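# Coordinates in review
The lines below spell out each chain.
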Amino acid sequence: MNQAINCHGVKAEERAATVRVIASPSSWIEGDAVRQLEQTAALPGMRAAIGMPDLHPGKGTPIGAAFLCAGHVHPHLIGNDIGCGMALWRTDLPERRIRRKLDRWAELVGALDDPWGGDVGGLLAARGLARSDHDAGLGTIGGGNHFAELQAIESVNDEAALADLGVARGRLLLLVHSGSRGLGESILRDHIDRYAGAGLPEDGDAAARYLARHDHAVAWAKVNRELCARRFGEAIGAELEPVIDVCHNCVAAAPDGSGCLLHRKGAAPSTEGPVVIPGSRGTLSYLFLPDPARADAGWSLAHGAGRKWRRSGARDRLRRRYRPSDLETTALGGRVVCGDRDLLYEEAPEAYKKIDAVVGDLVDAGLGRVIATLRPVLTFKTARRR
DNA sequence: ATGTAC
């Protein structure tokens, strides 16, 4: 048992499932989120429900958690955005070009609002994927907390680990946060229509059908992030090379061969090498090297800063404090392209917890170390005025 | 989160 792990008052006795929140006592975790974690721990087959330091309330199930489950698949734990994750690309753009090019880049990236004009079927076939009814969304970022962001390396803690990734100081990086768009949504909706959102016995046909569709959506989401990055690069005239792609909303066999299913809902994997843990558009993001052997943490990490305020609360508070134009530049000098006013407020830096505290909790729990920090340069959400 | 529900 790791001493750094604190359970925030969760009573673990007389419960089959372990409930744990990985956060220091000084890190604030919303009570509703912990209650949701406890409720999910009572689901059929549940062995462990582990909250990450970015844990916050979701629609019934909390976001920022890993769930180990024996004999059951729980589609509603994964949610509608099956396969959502983070992709990091390196670009050939020198950091010194920011000053001269930022205005132009901010205009050009609006092209990503339009559907991709390329050969969707051909791209999916080349990636070994079948067609679906939702392929028109391929190459679009979507809404909510999704974004594509140019970043500069701010500080480096581990030069060797950075070099292993092929990443060099002085060149900009591109981080894409997106998922399976309408495809994952349709898979969850179908599950809810048929089974009222209930867990599925793992050996049954329903689970097999869900898992097959889930795996398709996970692969589709990865291709989507790739296409979003390539379109972004094309729009601003950058060459791109892939660095990292990880999924934080998905279910797979637990890596210890126990036969348990590891559900991740807003939890990054610790078993696939370095990950990016993004802050908000107004704070640094962290390139993080996980310890891969932490079963007690559900082989998982925080997937971001985590919301501090609900969307409606963020709108209400921040509309009184800021004009929209105030939010189109950030404290770190970054530019924000978000024509959707509500979204501009909902995703403001103040709506998120402090990323340095979240990453600090991961480090204190011994879950890994920081390779480098990344500074936002240009955050694209949508250029469409709403 | 959603080519978004009412």
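Here's a quick rundown of the structure. Remember, predicted model here, so these are calculated numbers, not experimental data.

### Describing empty space enclosed by the protein
Per the stated rule, a full pass over the model turns up one cavity of 30 Å³ or more. Taken as a whole, the largest cavity spans an internal volume of roughly 80 Å³. Every residue lining the largest cavity is listed: Ile-187, Asp-190, His-191, Arg-194, Tyr-195, Leu-200, Ala-206, Arg-209, Tyr-210 and Arg-213. Broken down by secondary-structure element, the contributors of at least two residues to the lining of the largest cavity are helix H6 (181-195) and helix H7 (205-236). Among the elements that make up the lining of the largest cavity, the one with the highest residue count is H6 (five residues). Of the residues in the lining of the largest cavity, the class split is five nonpolar, one polar and four charged.

### Regarding unusual backbone geometry
The phi dihedral of Arg-181 is positive, around 50°, even though this residue is not glycine. Looking at the element boundaries, Arg-181 is found in helix H6. Among the residues examined, Arg-181 registers a relative accessible area of 31% and is labelled partly exposed. Residue Ala-196 is not a glycine yet carries a positive backbone phi of 55°. You can see Ala-196 is positioned in the loop between H6 and strand S8 (200-201).

### With respect to helix H1 (residues 31-41)
All of the buried residues along H1 are Ala-33, Val-34, Gln-36, Leu-37, Thr-40 and Ala-41. On an axial view of H1, the arc spanned by its buried residues comes to 155°, and they lie on one face. Taken together, the buried residues of H1 touch strand S1 (18-21), strand S2 (46-56), strand S3 (63-69) and helix H2 (75-78).

### Considerations on the environment of Asp-32
Counting through the fold element by element, Asp-32 comes out in helix H1. Taking the C-alpha atoms as reference points, Asp-32 and Ala-161, 129 residues apart in sequence, are found 38 Å from one another. Residues in contact with Asp-32, not counting those within four places in the same chain, are Pro-57 and Arg-310. Separated by 2.7 Å, the side chains of Asp-32 and Arg-35 make a polar contact.

### Side note on the packing of aromatic side chains
Tallied over the entire structure, the rule returns zero aromatic pairs. Over the face of the ring belonging to Tyr-352 we find Arg-307, whose NZ or CZ atom lies 5.2 Å from the ring centre. Its end group placed over the ring of Trp-309, Arg-317 keeps NZ or CZ at 4.3 Å from the ring centre.

### A few points about the pattern of salt bridges
Within this structure, the stated rule accounts for 27 salt bridges. Here Asp-114 makes a salt bridge to Arg-384, at a shortest N to O gap of 3.2 Å. Here Arg-384 lies in the segment after strand S17 (368-382) and Asp-114 lies in the loop between helix H3 (98-108) and helix H4 (120-126), a separation of 270 residues in the sequence. Using a relative accessible area of 39% as the deciding quantity, one classes Asp-114 as partly exposed. Taken together, the shared-partner salt bridges connect Arg-307, Arg-311, Arg-315, Glu-346, Glu-347 and Lys-381 into one network.

Rules behind the numbers
Residues numbered from 1 in each chain as written. Chains lettered and ligands numbered in written order. Predicted model: local features only at pLDDT ≥ 70, side-chain atom pairs only at ≥ 80, totals over all residues. Heavy atoms only, no water. 1 Å grid on protein atoms, 1.4 Å probe; cavity = no way out; pocket = protein on both sides within 12 Å on 5 of 7 lines; lining within 4 Å. Points joined across faces, edges and corners; volume = space filled by probe spheres on them. Helix = DSSP H or I, 4+ residues; strand = E, 2+ residues; numbered from the N terminus. Nonpolar A, V, L, I, M, F, W, Y, C, P; charged D, E, K, R; others polar. Buried < 20%, exposed > 50% of the residue type's maximum accessible area, 1.4 Å probe, protein only. Arc of directions from axis to C-beta. Contact = heavy atoms within 4.5 Å. Polar contact = N/O pair within 3.5 Å; in protein donor to acceptor, adjacent residues only side chain to side chain. Phe/Tyr/Trp six-rings, centres within 6.5 Å; stacked < 30°, edge-to-face > 60°. Lys NZ or Arg CZ within 6 Å of the ring centre and 35° of its normal. Salt bridge = Lys/Arg side-chain N within 4 Å of Asp/Glu carboxyl O.

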